[in-house]
Amino acid sequence: MTLGGGGAIKESTLYSDGTFLQKFYPERQPARDERDRSVSLGELAVRAGFAESEHEYRSKLHMFALELAEQQIKKAITRDQIIMQAVDAQDTLNSTINLLKERFEEWSFIKRSDCIERDDMEMLEELRGQLDSLTKERNRLEEYITENMHGTAPNITMIAGPVLGARIISIAGGLERLSRMPSSTIQVLGAGKALFKHLQKGTPPPKHGILYQHHVVQGAPWWQQGKLARAVSSSLAVAARLDYHGGGLNNDVIKKMDKKVERIKAAHTKPSKKQKK
Amino acid sequence: MSKVQGPEAHGKISNLYAIWIDGRKHLATPNLAPGKKVYDERIVNAGGTEYRLWNPWRSKLCAAVLKGINFPLESDSRILYLGAATGTTVSHISDMVPDGIIYAVEISPRPVSNLIETARSRKNVIPILADAARPSTYLGMVETVDFIYQDIAQRDQAGIALKNGRTYLRKGGTLVLALKSQSIDSAAKPGRVFEGEAEKLSEEFRIRNRVRLEPHHKYHMMLTADYV
Ligand SMILES: C[S@@+](CC[C@H](N)C(=O)[O-])C[C@H]1O[C@@H](n2cnc3c(N)ncnc32)[C@H](O)[C@@H]1O
């Protein structure tokens, strides 16, 4: 066993790709049992009469850990469920805020025409206060979603941003279900009515549902939008699988998507003859 | 039938072998749970023992060992493993320390259910569902260890290693740390990022080896350090 003491570089290998391996060797090699402040739970367990030997302690610990982890998993409310709640709450807040804002503006308009009493004014101020605090609440919720999305679904967040990403997870019914969807389904998530009409009445199938809100799709000319939505949804399918299995952020996904998007934009500067608005 | 040669002991790392199949060298570990696979690894019989081939594309530790990194792992070593995921690498370490113990910490419940399945047939694996950034939450289950192996794609990788080192690593123990530059700073040059993390560690550790893991794992470095 190799321990502290003033070590020195003894050997350094440079690989052809520019990386290197340095080997340090210590000058002193104390015995393995030089342990201070160390805790042996096995010894403690034997002393406390919990197990007859360290061996027995380990096998009890093994059984206990398996059982405990299993219970914890069963109970674990998955993070994506919490995010779904938050994004739904945000949607509700948004529509409330918009309705209130409309009412407020109408009211202010009457006020300007100078025909309301003093207590009407007070009421109007109160409404403004409510509107402010709701807006603050919504912003806090957005921060909360952003923070959680980075941890729980870093790849989806990279592709779609935290809020749209969360909304996609919510429409799909959870990260697990999203991770099992083919990209063609992801592409029309949230297309609700248009998809229904397509199935019922044979209107053209929707090219994109909620993905229309993605900046890549939304900011593009109409004849590119279907192709771009397809590029985004196939990246999302990969991202969802990565996030579901919890492997951390993989930047290759966004790089590939960016390349695809560039290629589509370069190849379709004009609508093709077949395309109709 | 493919031609199998070996096994030849690695020497420094206990229960690690090289096996040649049709002339190609593979690292392999003796299967502690004979007849059982953990992921889609290949199983070969050599000299009457069942070995599991260790895939460097699947395991950063394997890629690092192939590049020449080593650490004094013994068959009874105690290891705290942070970021265990489904247990791919954990299972090979489990093969290497048949008389030791691996405390395998993972934060995400889904991979832990696979880890539990792996641990059922491997008595030396203790699965723990916990956040490695909060080492005090597993104080009651984990004791002082000889090694910490950490493979977590998170921002504060050095910080997590330092915290766990203080709590669990014995003096003179070894830290084996997989660093992913992209999780720390995706804009900066990987070399810079690695330097920064190594510097943070050097307050409490003596850095021993470091090696980049290309081509098997892009933007990754493996580092070993002694706790002083
Ligand atoms: C790259 S994977 C590890 C692969 C594994 N070491 C192997 O080789 O088989 C990283 C793992 O770290 C986990 N992780 C991320 N942050 C964590 C934390 N704070 N505590 C514990 N595990 C964490 C992730 O859930 C993921 O499963």
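Whatever comes next refers back to the structure up there.
Residues numbered from 1 in each chain as written. Chains lettered and ligands numbered in written order. Predicted model: local features only at pLDDT ≥ 70, side-chain atom pairs only at ≥ 80, totals over all residues.

Novice: Can you walk me through the overall build of chain B in this structure?
Specialist: Along chain B, the regular secondary structure elements total six helices and 12 strands. Expressed as a percentage of the 228 residues in chain B, the buried residues total 55%. Within chain B, contacts between residues separated by at least 24 positions form 56% of all contacts whose residues are at least 6 apart in sequence. (Helix = DSSP H or I, 4+ residues; strand = E, 2+ residues; numbered from the N terminus. Buried ≥ 20, exposed ≤ 12 C-beta atoms within 10 Å, placed from the backbone. Contact = placed C-beta atoms within 7 Å.)

Novice: Sorry, what's going on with the packing of helix H11 (residues 222-245) of chain A against helix H12 (residues 252-267) of chain A here?
Specialist: For any two helices packed against each other, the geometry comes down to the angle between their axes and how far apart the axes lie. Residue and element names in this part refer to chain A. At their nearest, the axes of H11 and H12 sit 10 Å apart, and the two run at 170° to each other. In terms of axis orientation, H11 runs roughly antiparallel to H12. Where H11 abuts H12, its residues Gln224, Lys227, Leu228, Ala231, Val232, Ser235, Val238 and Ala239 lie against Val253, Lys256, Met257, Lys260, Val261, Ile264 and Lys265. Per-class residue counts for the contact of H11 with H12 are nine nonpolar, two polar and four charged. (Axes fitted to C-alpha atoms, helices over the stretch in contact; angles between N-to-C directions. Parallel < 35°, antiparallel > 145°, perpendicular 65-115°, else oblique. Nonpolar A, V, L, I, M, F, W, Y, C, P; charged D, E, K, R; others polar.)

Novice: Help me understand the sheet that holds strand E9 (residues 145-151) of chain B, please; the structure alone is not making it clear to me.
Specialist: For sheets, the rule is that strands pair by backbone hydrogen bonds, running either parallel or antiparallel. All names here are of chain B. In space, the seven strands of this open sheet follow the order E8-E7-E6-E9-E10-E12-E11, with mixed pairing throughout. If you trace the sheet from one side to the other, it starts and ends with strand E8 (125-129) and strand E11 (205-212), each paired once. Adjacent strand axes in the sheet meet at a mean angle of 15°, parallel and antiparallel pairs treated alike. The pairing of strand E6 (residues 78-82) with E9 spans four bridges and is classified as parallel. Paired with Leu80 across the strands is Ile148, a residue of E9. (Pairing = 2+ DSSP bridges.)

Novice: What exactly am I supposed to notice about the sheet that holds strand E5 (residues 49-54) of chain B here?
Specialist: Residue and element names in this part refer to chain B. One open sheet accounts for five strands, arranged E1-E2-E3-E5-E4; its pairing is antiparallel. Edge positions in the sheet fall to strand E1 (4-9) and strand E4 (43-46), since each has one partner strand and no second. In this sheet, neighbouring strand axes are inclined to one another by 40° on average, regardless of whether the strands run parallel or antiparallel. Pairing analysis gives five bridges linking strand E2 (residues 17-21) to strand E3 (residues 24-30), with the strands arranged antiparallel. Bridge pairing in E3 links Ile21 to Arg24.

Novice: Before we go on, may I ask you to explain the nonpolar core in this structure?
Specialist: A general tendency of soluble globular proteins is for nonpolar side chains to be buried together. One finds Tyr81(B), Ile102(B), Tyr103(B), Ala104(B), Val105(B), Ile128(B) and Ile148(B) to be the most contacted residues of the largest nonpolar core, which totals 76 residues. For this core, the leading source of residues is strand E10 (residues 169-180) of chain B, giving six residues. Split by domain, this core shows at least three residues from each of two domains, domain 1 (4-55) and domain 2 (61-227) of chain B. The contact partners of Ile128(B), leaving out residues within four places of it in the chain, are Ala65(A), Ala69(A), Tyr103(B), Ala104(B), Val105(B), Tyr138(B) and Met141(B). (Core = buried A, V, L, I, M, F, W, Y, C linked by C-beta atoms within 7 Å. Domains from an automatic or database assignment.)

Novice: I tried to follow the site of the ligand on my own but got confused; where do I start?
Specialist: Close to the ligand lie 22 residues, the nearest being Gly83(B), Ala85(B), Thr88(B), Thr89(B) and Ala132(B). One finds residues of chains A and B in close proximity to the ligand. Of all the secondary-structure elements, those providing two or more residues to the shell around the ligand are helix H2 (88-96) and strand E7 (101-106) of chain B. (Near = placed C-beta within 6 Å.)

Novice: Which parts of the structure should I look at to understand the pairing of E7(B)?
Specialist: Along a regular strand, successive side chains alternate from one face of the sheet to the other. Residue and element names in this part refer to chain B. E7 sits mainly inside the fold: six of its six residues count as buried. Residues Ile101, Tyr103 and Val105 point to one face of E7 and Ile102, Ala104 and Glu106 to the other, with burial holding for every one of them. As defined by bridge partners, E6 adjoins E7 across five bridges and the pair is classed as parallel. What sits directly across from Leu82, in E7, is Val105. After leaving E6, the chain enters H2 and then returns to the sheet as E7, a path that is right-handed. Here E7 runs beside E8; their pairing, made up of five bridges, is parallel. Considered in E8, the bridge of Val105 is made with Ile128. (Right-handed = clockwise from strand over helix to strand, strands pointing away.)

Novice: Explain the packing of helix H4 (residues 157-168) of chain B against helix H6 (residues 190-201) of chain B to me, please; I cannot follow it from the model alone.
Specialist: All names here are of chain B. The geometry of H4 relative to H6 is characterised by a closest axis approach of 9 Å and an angle of 20° between their N-to-C directions. Comparing their axes, H6 and H4 come out roughly parallel. Crossing angle aside, the handedness with which H4 passes H6 is right-handed. On the side of H4, the interface is formed by Gln157, Ala158, Ala161 and Leu162, while H6 contributes Glu197, Lys200 and Leu201. (Left-handed = near helix turned anticlockwise from the far one by under 90°.)

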